[in-house]
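# Structural features, examined
Listed here are the chains, written in short residue letters.
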Amino acid sequence: MKNFKHNGTVILVGGSKVKLDTLKAISKKHPVYAADSGANILIDEQINFEAVIGDMDSIDSKILKIIKHKMIFIEDQDSTDFQKCLNTIKAEIFLGFGFLDHRLDHSLASLTAMCQHNSAKAIILVGEIDTVIFVKGEWSCSIPAGTRLSVWPLSNQFFLESSGLKYSLNNLDMDPINLIGTSNETVENRFSIKPSDETPARYVTIIPTKYFMNVYDEFINT
């Protein structure tokens, strides 16, 4: 199976609703890959892409003929097309469009895939309403005070400290059954989150998509 390697940022496009204005604004700055039916969107919007990865069960038959030379067919039914992309491409940062706003089970599968073993130091999924951020290690970002921010553990996650949040994460042990971080809020114009580095990160941060470019600038333009 062919693998791809990039030193910087890669854009992945799935088959759910896509924030097209944002995607088009940055699509020429980074390599773009389709996750299965994401190819339908990229072809329709005339956005160039490197390859389409998946089991090819959701792509329009006419488009399949057009992109035959770009197909990386992976038959495995035990992984999602998003997981197949993360397993096939090595990059420091992944920006995902079209993975959050269609089916709830697919959205949850995307969150699980973000926290599984992969090459990225950060994975950012952009939805119509919310943007979901996974980061390995300590991170911070500038967004306006008073912004809704949720910290969602996908397994047991211990946090050493935080700053700029209404509800502190200092020495806090979270897990999806007993303690979650829905509807926290920024109280300063910059926040920081520092999880324990003794175990792999198993949580995501959720903020309104209108502040996606703040996150983009933090990870890509600094």
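Structure: see above.
Cut-offs used in this document
- Residues numbered from 1 in each chain as written.
- Predicted model: local features only at pLDDT ≥ 70, side-chain atom pairs only at ≥ 80, totals over all residues.
- Heavy atoms only, no water.
- Phe/Tyr/Trp six-rings, centres within 6.5 Å; stacked < 30°, edge-to-face > 60°.
- Helix = DSSP H or I, 4+ residues; strand = E, 2+ residues; numbered from the N terminus.
- Buried < 20%, exposed > 50% of the residue type's maximum accessible area, 1.4 Å probe, protein only.
- Lys NZ or Arg CZ within 6 Å of the ring centre and 35° of its normal.
- 1 Å grid on protein atoms, 1.4 Å probe; cavity = no way out; pocket = protein on both sides within 12 Å on 5 of 7 lines; lining within 4 Å.
- Points joined across faces, edges and corners; volume = space filled by probe spheres on them.
- Nonpolar A, V, L, I, M, F, W, Y, C, P; charged D, E, K, R; others polar.
- Axes fitted to C-alpha atoms, helices over the stretch in contact; angles between N-to-C directions.
- Parallel < 35°, antiparallel > 145°, perpendicular 65-115°, else oblique.
- Left-handed = near helix turned anticlockwise from the far one by under 90°.
- Contact = heavy atoms within 4.5 Å.

It is worth spelling out the packing of aromatic side chains at this point. Applying the stated rule across the entire model yields 7 aromatic pairs. When the centroid spacing of 5.1 Å and the interplanar angle of 65° are considered together, the rings of Phe-4 and Tyr-33 count as edge-to-face. Taken as a pair, Phe-4 in strand β1 (residues 4-5) and Tyr-33 in strand β3 (residues 32-35) lie far apart in primary sequence, 29 residues in all. According to the relative accessible area criterion, Tyr-33 is buried, its value standing at 1%. With a centroid separation of 5.2 Å and an interplanar angle of 85°, the aromatic rings of Trp-139 and Phe-191 are classed as edge-to-face. Taken together, the residues Trp-139 in strand β10 (residues 139-142) and Phe-191 in strand β15 (residues 190-195) connect sequence positions 52 residues apart. Each member of the pair, Trp-139 as well as Phe-191, is classed as buried. Linked through ring pairs, Phe-97, Phe-212 and Tyr-216 together constitute an aromatic cluster. The ring centre of Phe-49 lies 4.6 Å from the NZ or CZ of Lys-70, which sits over that ring.

With that out of the way, let us pick up the layout of surface pockets. Size it by volume and the largest pocket reaches roughly 490 Å³. Those elements that provide at least two residues to the lining of the largest pocket are α4 (81-88) and α5 (104-114). Here the lining of the largest pocket is built from residues that sort into 5 nonpolar, 13 polar and 8 charged. In this model, the second largest pocket occupies a volume close to 340 Å³. In terms of lining, the second largest pocket is formed by 16 residues, of which the most central are Leu-100, Leu-111, Asp-130, Val-132 and Ile-206. When residues of the lining of the second largest pocket are traced back to their parent elements, those giving at least two are α5, β9 (130-135) and β11 (148-153). Element by element, the count of residues in the lining of the second largest pocket is highest for α5, at 4 residues. Here the residues of the lining of the second largest pocket sort into 8 nonpolar, 4 polar and 4 charged.

The description of two packed helices rests on the angle between their axes and on the distance between the axes. Running from N to C, α4 and α5 cross one another at 20°; their axes reach a closest spacing of 9 Å. Put simply, α4 runs roughly parallel to α5. Viewed along their axes, α4 and α5 form a crossing whose handedness is right-handed. Residues Phe-82, Gln-83 and Leu-86 of α4 pack against Ser-110, Ala-113 and Met-114 of α5. Residue composition of the contact of α4 with α5, grouped by class: 4 nonpolar, 2 polar and no charged.

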